[in-house]
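# Reading the structure
Chain by chain, the residues:
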Amino acid sequence: MTDAPLLEVESLEKHYPITEGLLRREVGRVRAVDGVNFTVGRGETVGLVGESGSGKTTTAHAILGLETPTGGEVRFEGAPVSDLSGADESAFRRRVQLVVQDPNEAFNPRLPVGEAVAEPLALHGMADAERRQAIVTDLLEHVGLSAADADRYPHEFSGGEKQRLAIARALVVDPDLVVADEPTSALDTRVESEILGLLADIRRQFDVAVLFISHDIDVVRRFCDRVAVMYLGEIVERGPTDRVLTAPAHPYTRLLLDTVPSLDPTDRGLAEPLTDTVPDPADPPAGCRFHPRCPAVIQPDSVSLPEATWRAVAAFRFTLQAGTLPPAAADATDAGAVRDVFDVPNEVPDETVERAVADAAASVADGNLTRASERLADALPTICERETPETTDVGGCSVQCHRYNPERAGEPLVDSDGLD
Ligand code: ADP
Ligand code: MG
């Protein structure tokens, strides 16, 4: 036993090379996981949440050693996993188990499920078949199935039942950590609820830690002690689930929780991303990776527009930059019509910004998107693009946002004096 947490993920990085030509020359890298830190304590349940493509599965695979990290380290009880060999490596493979999203991938269609569930026991050296069978029977009952199910084949079970079997198989070797990668995403809501209930029971009964991966922050709410929110390969916010879900500090977390009831007038408009385009992890935005979509993106120092006006101007800028113009804007033949599409007022109350917006709108009407985009980028430099935000760690919470001020945690992100 050591004092180290069960699992520590430190500065974990997994980049996939993008190659070209016969010589497979490297021309770029997909930054699937790009400097991720979190821990899982014994018996603890930690959620890893983020949209599809944010790097969750890659993180899971790197933890399990199914992918070799290109940087950083995974430690289990303080020992770097990449250094394990022989009996220690085999013990690690027993003590950390994976449950995947699609239970169909997890079972051999020609093997009775009892044998499939017992397989890891044999693999890890339990030679006594009768004992294996007793353990499997007991586990099947724990996951809501019966001893008689052991002789049936995978196709005889529903998706939810197969996921129960997958959970039984993960538990059969008495692991310390189960990594569950979207284990309910392929199931309908009712079955999802049942499986979540089962996981919660099992976690208590077996005293097993769970790394619970999901794109749905609401699922995490019901299940996890702590949560880490992932965006484009990075963790943008981390903390106790109660705190993160009731007082999200990062604008991206707020968006994931976009139905958070808020009566705060300063929050108006903060529940919508500026653009819907998710950037490519092979070419992530500079500074804060979320800035081109962030409804709380910071105004240039020299500018102080009413918040709603600023948001409209910023959405105009970043939509042009993403190159995904709404059809109405593409069809607009005069600058006024372009401004209307983006809800930019006819006269922005800041001379420099107004000139830039007028030029950009005219360029869009002329069909010159590049010029429009560059004009706005030059006129509207934001710290969110210029500088990578520090990660602020306070009292078990960690937030990576230029706006974040731990002394004002829980307060609105946008000052009310900027309100129109
Ligand atoms: P998530 O599980 O959050 O949906 P993934 O970890 O599967 O995200 O993927 C993160 C990013 O890495 C995606 O952009 C994905 O396309 C990319 N990616 C995943 N595996 C590979 C691979 N083997 N080669 C290249 N890119 C990959
Ligand atoms: Mg995934």
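Attention here is on the structure that accompanies the text. (Residues numbered from 1 in each chain as written. Chains lettered and ligands numbered in written order. Predicted model: local features only at pLDDT ≥ 70, side-chain atom pairs only at ≥ 80, totals over all residues. Heavy atoms only, no water.)

### Some details on the sheet that holds strand 7 (residues 177–181)
Paired through backbone hydrogen bonds, the strands of a sheet run either parallel or antiparallel to each other. This is how the line gets drawn: Two strands make a pair as long as DSSP finds a minimum of two bridges between them. Helix numbering and strand numbering both begin at the N terminus, where a helix is a DSSP run of H or I of at least 4 residues and a strand a DSSP run of E of at least 2. Axis geometry follows a simple rule: fit a line to the C-alpha atoms, using only the stretch in contact for helices, then measure angles between N-to-C directions, giving values from 0 to 180 degrees. Throughout, a residue-residue contact means that at least one pair of heavy atoms, one from each residue, lies within 4.5 Å.
With respect to topology, 8 strands assemble into an open sheet ordered 6-7-8-3-9-10-12-11, the strand pairing being mixed. The open sheet is flanked by strand 6 (96–99) and strand 11 (391–394), the only strands paired with a single partner. Going across the sheet, the axis of each strand differs from the next one's by a mean of 20 degrees, ignoring polarity. Sheet analysis places strand 10 (residues 234–240) next to strand 12 (residues 397–400), joined by 2 bridges and oriented antiparallel. In the sheet register, Arg238 faces strand 12, and the bridge partner there is Ser398. Seen against the sheet, helix 2 (residues 86–95) touches strand 6 and strand 7 and runs at an angle of roughly 40 degrees to strand 6.

### Thoughts on the layout of surface pockets
Just so we agree on the cut-off: Cavities and pockets are defined on a 1 Å grid built over the protein atoms alone: a cavity is a set of grid points where a 1.4 Å probe fits but cannot escape, while a pocket is an open set with protein on both sides within 12 Å along at least five of seven lines, and lining residues are those with an atom within 4 Å of any such point. Grid points are joined across faces, edges and corners, and a volume is the space filled by probe spheres set on the points. Lys, Arg, Asp and Glu make up the charged group, whereas Ala, Val, Leu, Ile, Met, Phe, Trp, Tyr, Cys and Pro make up the nonpolar group; the residues left over, Gly among them, are polar.
Roughly 520 Å³ of internal volume is contained in the largest pocket. What lines the largest pocket is a set of 19 residues, and nearest its centre among them are Arg93, Val96, Gln97, Leu98 and Arg169. Going through the elements one at a time, helix 2, strand 6, helix 3 (103–106), helix 4 (113–123) and helix 6 (159–171) are the ones with two or more residues in the lining of the largest pocket. Of the residues that constitute the lining of the largest pocket, the class distribution is 12 nonpolar, 3 polar and 4 charged.

### A look at the side chain of Lys14
The condition that has to hold: The buried label applies to any residue whose accessible area, calculated with a 1.4 Å probe on protein chains only, is under 20% of its type's maximum; exposed applies above 50%, and partly exposed to all values in between. Under this definition, polar contacts are N or O atom pairs within 3.5 Å; protein pairs additionally need one hydrogen-donor-capable and one acceptor-capable atom, and for neighbouring residues in sequence, both atoms have to be side-chain atoms.
Tracing the sequence through the fold places Lys14 in strand 1 (residues 7–20). Residue classification places Lys14 among the buried positions, given a relative accessible area of 10%. Of the polar contacts made by the side chain of Lys14, one reaches the backbone oxygen of Thr68; its length is 2.8 Å. Not counting the four nearest positions on each side in its chain, Lys14 is found in contact with Val30, Arg31, Ala32, Val33, Thr58, Glu67, Thr68, Pro69 and Thr70.

### Focus: the site of ligand 1
The cut-off we apply is this: Here a residue counts as near a molecule or strand whenever at least one of its heavy atoms sits within 4 Å of it. A 1.4 Å probe and the Shrake-Rupley method give the accessible areas. Residues count as covered only by the protein chains that appear here.
Close contacts around ligand 1 come from Tyr16, Val30, Ala32, Glu51, Ser52, Gly53, Ser54, Gly55, Lys56, Thr57, Thr58 and Pro281, and that covers them all. A distance of 2.7 Å separates an oxygen atom of ligand 1 from a polar side-chain atom of Lys56. At a separation of 2.6 Å, an oxygen atom of ligand 1 approaches a polar side-chain atom of Thr58. Across the complex, the protein chains shield 62% of the 560 Å² of accessible surface that ligand 1 would expose by itself. Among the elements that take part in the shell around ligand 1, helix 1 (residues 56–64) stands out by supplying 3 residues, more than any other. Of the residues assigned to the shell around ligand 1, the class counts are 4 nonpolar, 6 polar and 2 charged.

Don't take any of this as a statement about function, it's just geometry.
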